[in-house]
Amino acid sequence: MVRASAAAESAGVPSASLVCEGFVGQAATTAAGLGMPNLPAAAVPGHVDVQSAEELRRNIVAVTVDGVVRSLTETPARPRTVTEPDPSGIVFEGTFDEVNRFFYENEWSDGLPVVPPTGERVQEFLRFTDDAPAEELGVLPPDRRSATVWAVAVNGVMAGCRPEYMPILVALVEAMADPRYGVEHSGNTPGAETLIVLNGPLIKQLGFNYEQGALRDGFQANTSIGRFWRLCLRNLAGFLPHKTDKGTFGNTWRVVLAENEDVLRRIGWTTIAEDQGMAAGNAVTISRYTGGGVIASVFGSSPERIVPYLADALVRQIGWELIFTVGLATGTQKPLLILSPILAETLAKGGLSKGDLKARLFAEACLPAWKFERYIGEWTNLLPGERSLAALARAGKAPAVFGESEEPNRLVPVVCQPDDIMIGVSGDPLRTNAYCFVHNGMLGYPTTKPVRLPRAWPQLLGAARAR
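Presented here is a report on the structure given in the accompanying data block. Not measured: the values here are computed from a predicted model.

Rules and cut-offs
- The residue numbering used here restarts from 1 in each chain and proceeds along that chain's sequence as written.
- A pLDDT threshold of at least 70 governs which residues receive local features in this predicted model, and a stricter bar of 80 or more applies before side-chain atom pairs are shown or counted, although totals over entire chains, interfaces and linings include all residues.
- Only heavy atoms go into the side-chain values, all of them from the structure, while hydrogens and water stay out.
- For this analysis, a nonpolar core means a set of buried residues of the types Ala, Val, Leu, Ile, Met, Phe, Trp, Tyr and Cys, connected via side-chain atoms within 4.5 Å.
- When a residue's accessible area, from a 1.4 Å probe over protein chains only, is under 20% of the maximum for its type it is buried; when over 50% it is exposed; and in between it is partly exposed.
- An axis is simply a line fitted to the C-alpha atoms; with a helix, the fit covers only the stretch in contact. Between two such axes, the angle follows the N-to-C directions and lies from 0 to 180 degrees.
- Here a helix means four or more residues in a row that DSSP labels H or I, a strand means two or more in a row labelled E, and each is numbered from the N terminus.
- Convention used here: angles under 35 degrees read as roughly parallel, angles over 145 as roughly antiparallel, angles from 65 to 115 as roughly perpendicular, and any remaining angle as oblique.
- For any helix crossing, the convention is left-handed if the near helix is rotated counterclockwise from the far helix by under a right angle, and right-handed if that rotation is clockwise.
- Contact between two residues is taken to exist if any of their heavy atoms lie within 4.5 Å; hydrogens are not considered.
- All residues other than Ala, Val, Leu, Ile, Met, Phe, Trp, Tyr, Cys, Pro, Asp, Glu, Lys and Arg, Gly among them, are scored as polar; the first ten of these are nonpolar and the last four charged.
- Pairs of N or O atoms within 3.5 Å make up the polar contacts considered here, provided that, within protein, one atom can donate a hydrogen while the other can accept it, and that residues adjacent in sequence are counted only when both atoms are side-chain atoms.
- What makes a salt bridge here is a side-chain nitrogen of Lys or Arg within 4 Å of a carboxyl oxygen of Asp or Glu, nothing more.
- Expected helix span is computed as 1.5 Å times (number of residues minus one).

Among the nonpolar cores identified, the biggest contains 58 residues, and Met 166, Ile 168, Leu 169, Leu 172, Phe 208, Ile 225 and Phe 228 are the most heavily contacted of them. Judged by nonpolar contacts, the second largest core, of 51 residues, contains Leu 357, Ala 369, Leu 389 and Leu 392.

Contact pair helix H6 (residues 149-159) / helix H9 (residues 220-237): the axes reach a minimum separation of 9 Å and the direction vectors enclose 125°. Considering their axes alone, H6 and H9 lie oblique with respect to each other. Of the two elements, H6 crosses H9, and the hand of that crossing is right-handed. Along the contact surface, H6 presents Ala 151, Val 152, Asn 155, Gly 156, Met 158 and Ala 159, while H9 presents Ser 224, Arg 227, Phe 228, Leu 231, Cys 232, Asn 235 and Leu 236. Tallied by class, residues from the contact of H6 with H9 come to eight nonpolar, four polar and one charged.

Time to look at helix H7 (residues 166-176). Buried residues dominate H7, accounting for eleven of its eleven residues. For H7, the complete set of buried residues consists of Met 166, Pro 167, Ile 168, Leu 169, Val 170, Ala 171, Leu 172, Val 173, Glu 174, Ala 175 and Met 176.

With that settled, the discussion passes to the side chain of Thr 194. Among the structural elements, Thr 194 can be located in strand E5 (residues 193-199). Look at Thr 194 and you get buried, because its relative accessible area is 4%. A polar contact of 2.4 Å, which involves the side chain of Thr 194, links it to the side chain of Tyr 181. Here Trp 229 takes part through its side chain, which lies 3.5 Å from a polar atom of the side chain of Thr 194. Residues in contact with Thr 194, not counting those within four places in the same chain, are Tyr 181, Trp 229, Arg 254, Ile 286, Ser 287 and Arg 288.

Next up on the list: the pattern of salt bridges. As enumerated under the stated definition, the model contains 24 salt bridges in all. A salt bridge links Arg 227 to Asp 110; the nearest nitrogen and oxygen atoms lie 2.7 Å apart. Separated by 117 residues along the polypeptide, Arg 227 in helix H9 and Asp 110 in the loop between helix H4 (96-105) and helix H5 (119-126) bring together distant segments of the chain. Take Arg 227: its relative accessible area is 7%, and that puts it in the buried class. Assessed through its relative accessible area of 24%, Asp 110 is described here as partly exposed. Residue Asp 275 is joined to Lys 354 by a salt bridge in which the shortest nitrogen-to-oxygen separation is 2.7 Å. Of this pair, Asp 275 sits in helix H11 (residues 272-275) while Lys 354 is found in helix H14 (residues 354-364), placing the two residues 79 residues apart along the sequence. You can call Asp 275 partly exposed: its relative accessible area is 32%. Taking the relative accessible area as the measure of exposure, Lys 354 reaches 5% and is therefore buried.

Spanning 18 residues, H9 covers 24 Å between terminal C-alpha atoms, matching the ideal 26 Å at 1.5 Å per step. Burial analysis of H9 places 17 of its 18 residues in the buried class, which makes it a mostly covered element. Looking one or two residues past H9, Gly 238 carries a phi angle of roughly 100°, positive in sign.

Given below as structure tokens:
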């Protein structure tokens, strides 16, 4: 709503943004990021989803109408001028503890100690890229700050990364700035969190963990780069708790998931990056997930025994997110299934390619149509108008598979097509466990970028290993 009002005001049309009470602060900070810090807004008390029609009417009449009138008739107060520091200047000098206190008080820290980004440390990171420090990788909402290579290096230092991670950090911010990903949705209320998947020789060259303990902290490359992502959301994009970050509960940052490419090559399966259209090589894939869960102790020596359990897990994990399968953004639900190597090898030995596995999961990961419809229209208020899957299919708003009959107990899939199910391989090579991530649909669409290495990479990497 605030973005629509900003467009109207830019065209010379007065506006009044209707904002639920819990989003008043976010509206103000978003407006500032749009270059209109005094954009008028009218508050709607409470939350409309839990108000009766009469309660909503009383609140609108008593509070919101006056706010609309003021927004359209009164000149807003002049915004406070904010002076930005020089990106390469010294903003503070002090001890380690003093620096960390200063960064925390200015909301540049995630609450954990940061490595002070001294000029010397930043310059060391910049040696690992051929890009100029001032080169802009993108402009990130909601603050609409320029994400420069210099800023990437600064946040990499703060996160505890090593300088040789710099090519990956640059690729990640390029992905963050890609409109396909939609970084502006990073503060939405379900508190979804981004997972970074790494592919290519850099996994071994930089010491990423891709075996036992995958997705666990404790490995510098996986852990510090995961932290870097969240610091960039805070310091470059401008997502701050109680302001633009409105995650109701939230998740902390996730460590990087590196795929086990030795196993993938052995069984003839593609990597996640290759599934996303990339050639074999170094690449990062980002996608935002609302949550997930482990699929423990998968039992069986054949696909016939294993696939039903995996399919059941997909169905159990995905709930309201079905709105991204059919409804709010049809066809954008992209769950991610991570298989331990031994599971992938067993499925491949049973004759399944990755495409075959996706097709089997698509056919078996189904739930009754009536329950699907409850998720998208009865238990949530996310799909206006028609909520019948059959009617939506007839209208061309859902794939035909969702409208094969009117029978409420018919089974329908949890995604629109087999390729919507993403599959990766990582984790303990000899444990029969898997993990299912539930996707946040268009609010963090899977986005893949190649990792560009500097021309002197072999020499730089050799020197870094010798330190």
